[in-house]
Amino acid sequence: MIIKSLDIFCEIIDNFGDIGVVYRLAKELKTFYNDNVKIRVILNRVNEFVNMNKKAKDTDYQEIDGIIYMTNEYLAKNICTFSPANVIIEAFGCNILETYLEKAKLESSLLINLEYLSGEDWIEGIHLMESPLGAEKLKKFFFMPGFTEKSGGVIVDKLFLNRKKSVLENKKFYLEKYIPEIDESYFLGTIFSYEKNFLPLIDVLLENGKQNCLLILGEKSQMSINKIIENLNFTYSDEGIYKYKNILIKFMPFLEQEEYEELINLADYNFVRGEDSFVRALLTGKPFVWHIYLQDEMAHMDKIDGFIKRYDETLKSLELNKGLDIHTKLLRDYNLRDSNSLELGNEKFDDFFKEFENISKLSQSYSEYIELKCNLIDKLNEFILKY
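In this report, the structure presented in the accompanying data block is examined. These numbers were taken from a predicted model, which means no experiment stands behind them.

Rules of the game
Residues numbered from 1 in each chain as written. Predicted model: local features only at pLDDT ≥ 70, side-chain atom pairs only at ≥ 80, totals over all residues. Heavy atoms only, no water. Pairing = 2+ DSSP bridges. Helix = DSSP H or I, 4+ residues; strand = E, 2+ residues; numbered from the N terminus. Contact = heavy atoms within 4.5 Å. Axes fitted to C-alpha atoms, helices over the stretch in contact; angles between N-to-C directions. Phe/Tyr/Trp six-rings, centres within 6.5 Å; stacked < 30°, edge-to-face > 60°. Buried < 20%, exposed > 50% of the residue type's maximum accessible area, 1.4 Å probe, protein only. Lys NZ or Arg CZ within 6 Å of the ring centre and 35° of its normal. Parallel < 35°, antiparallel > 145°, perpendicular 65-115°, else oblique. Nonpolar A, V, L, I, M, F, W, Y, C, P; charged D, E, K, R; others polar. Salt bridge = Lys/Arg side-chain N within 4 Å of Asp/Glu carboxyl O.

## Brief notes about the sheet that holds strand β11 (residues 241–244)
Here comes step 1: Taken in spatial order, the seven strands line up as β10-β11-β12-β9-β8-β13-β14 in an open sheet, and their pairing is mixed. Strands with a single pairing partner mark the edges of an open sheet, and in this sheet they are β10 (235–236) and β14 (288–291).
Here comes step 2: Both β11 and strand β12 (residues 247–251) contribute to a ladder of four bridges, which runs antiparallel. Among the inter-strand pairings, tyrosine 244 is bridged to a residue of β12, identified as isoleucine 247.
Here comes step 3: Its contacts with the sheet place helix α9 (residues 219–232) against β8 (187–192), β9 (212–217), β11, β12 and β13 (269–273), and it is angled at close to 140° to β12.

Set out below in structure tokens:
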């Protein structure tokens, strides 16, 4: 197929995860196609997008770096003069405006239902399966992101990889940019999490014989850490640093997507939440702990268990075992609960840090595997161009 235009639909529900993935996808597709393809992103609202991108404005139509962003409301008002793209991406099962879809059935060629990331077995059977639309011209297919070669993979964008390289080569510069209060000798971690009692983590860091620094991102993470700061009587400096014995804690302001990527590549380990941040953490090649979005009736455990299975299978196929059971146990225990509360969970961090060197090797090897075998951008473009 010769692709001339591409529309991406995204419905932001209650966080930055959906728009984070779509914003990254749009940027990378623009990099791939340059000015040969017109790319538009249609959002149900722009609040979150404005917060995560300094170039974005609170308006229903704007162009940023060659990509058009508009709201559903703007599309509805202008649908009579609006021509659907020949390729459409429906992100995460969002609702496409019915009047747009009716026109697309007559004018467009391909509709891709881009689903949420999953490591569960069944997605390979659904990936690239057609979903009947009852339209003569427009055909719809499922595209299932995942952690295997037979799935749709994850977004491995060149912009991120270039940023990763820059941070690795200029660590001193980026330390000065984000936390000038420390030097390269500090053991640096980031925490971007849902509600969690981090006292077990703090207890282990107090005993590790290192100078530690934790950078805390997001309201829920900061609220969780605040409880510990109050209980342990951390001192507070004018520079915005909380200190207790060998631990420094700094609350970070809201960062743009690109800034967050610099930060997690700078850190020695990362605690992350959601889909987009999780995939970025994987690609850093640094040890990670993933806090998956809580679902009713513990349904989120199917997803974390699915990832753990893939992670375990891949690393064992590469003959990498040291520290693997410890890392997978922590990933599972960290998420094994039915409510987002500040009560203590099952997770223990002692072995994670004792095996940190081995887990670093696992993380680096898995990052290389994902980059080489599970590149969603390559898989998506191959499917579109061959269609």
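## Some thoughts on the packing of aromatic side chains
Here comes step 1: Applying the stated criterion across every chain yields a total of 41 aromatic pairs.
Here comes step 2: A ring pair is formed by phenylalanine 141 and tyrosine 387, whose centres lie 5.7 Å apart and whose planes are at 75°; its orientation type is edge-to-face. One end of the pair, phenylalanine 141, is in strand β7 (residues 139–143); the other, tyrosine 387, is in the segment after α16 (376–386), with 246 residues separating them in the sequence.
Here comes step 3: For phenylalanine 141, a relative accessible area of 13% puts it in the buried group.
Here comes step 4: On the basis of relative accessibility, which here comes to 33%, the residue tyrosine 387 falls in the partly exposed class.
Here comes step 5: Ring geometry for tyrosine 269 and phenylalanine 353: centres 5.4 Å apart, planes at 75°, overall edge-to-face. Taken together, the positions of tyrosine 269 in strand β13 and phenylalanine 353 in helix α14 (residues 350–354) put the pair 84 residues apart, joining distant regions of the chain. Exposure class is identical for tyrosine 269 and phenylalanine 353. Each is buried.
Here comes step 6: Of note, lysine 27 hangs over the ring of tyrosine 23, and the distance from its end group to the ring centre comes to 4.2 Å.
Here comes step 7: Lying across the ring of phenylalanine 187, lysine 210 places its NZ or CZ 4.1 Å from the centre.

## Here we look at the packing of helix α12 (residues 300–317) against helix α15 (residues 356–373)
Here comes step 1: Between α12 and α15, whose axes approach to 10 Å, the crossing angle comes to 95°. Classified by the interaxial angle, the pair formed by α12 and α15 is roughly perpendicular. Contact residues: Phe307, Arg310, Tyr311, Thr314 and Leu315 in α12; Leu362, Ser363, Ser365, Tyr366 and Tyr369 in α15.
Here comes step 2: Its residues placed into classes, the contact of α12 with α15 shows six nonpolar, three polar and one charged.

## Some thoughts on the pattern of salt bridges
Here comes step 1: For the structure shown, the criterion picks out 27 salt bridges.
Here comes step 2: Arginine 310 serves as the salt-bridge partner of glutamate 124, at 3.9 Å between the closest nitrogen and oxygen. Taken as a pair, glutamate 124 in helix α5 (residues 123–126) and arginine 310 in helix α12 lie far apart in primary sequence, 186 residues in all.
Here comes step 3: Classification of glutamate 124 by relative accessible area gives partly exposed; the value is 26%.
Here comes step 4: The exposure class of arginine 310 is buried, given its relative accessible area of 9%.
Here comes step 5: Across the pair glutamate 169 and lysine 165 runs a salt bridge whose closest N-O atoms are separated by 4.0 Å. Taken as a pair, glutamate 169 and lysine 165 lie in helix α6 (residues 158–169) at a separation of four residues, close to a single helical turn.
Here comes step 6: Glutamate 169 gets classed as exposed once you look at its relative accessible area, which sits at 54%.
Here comes step 7: Through salt bridges that share partners, Arg24, Asp157, Arg163, Glu261, Asp276 and Arg280 make up one connected network.

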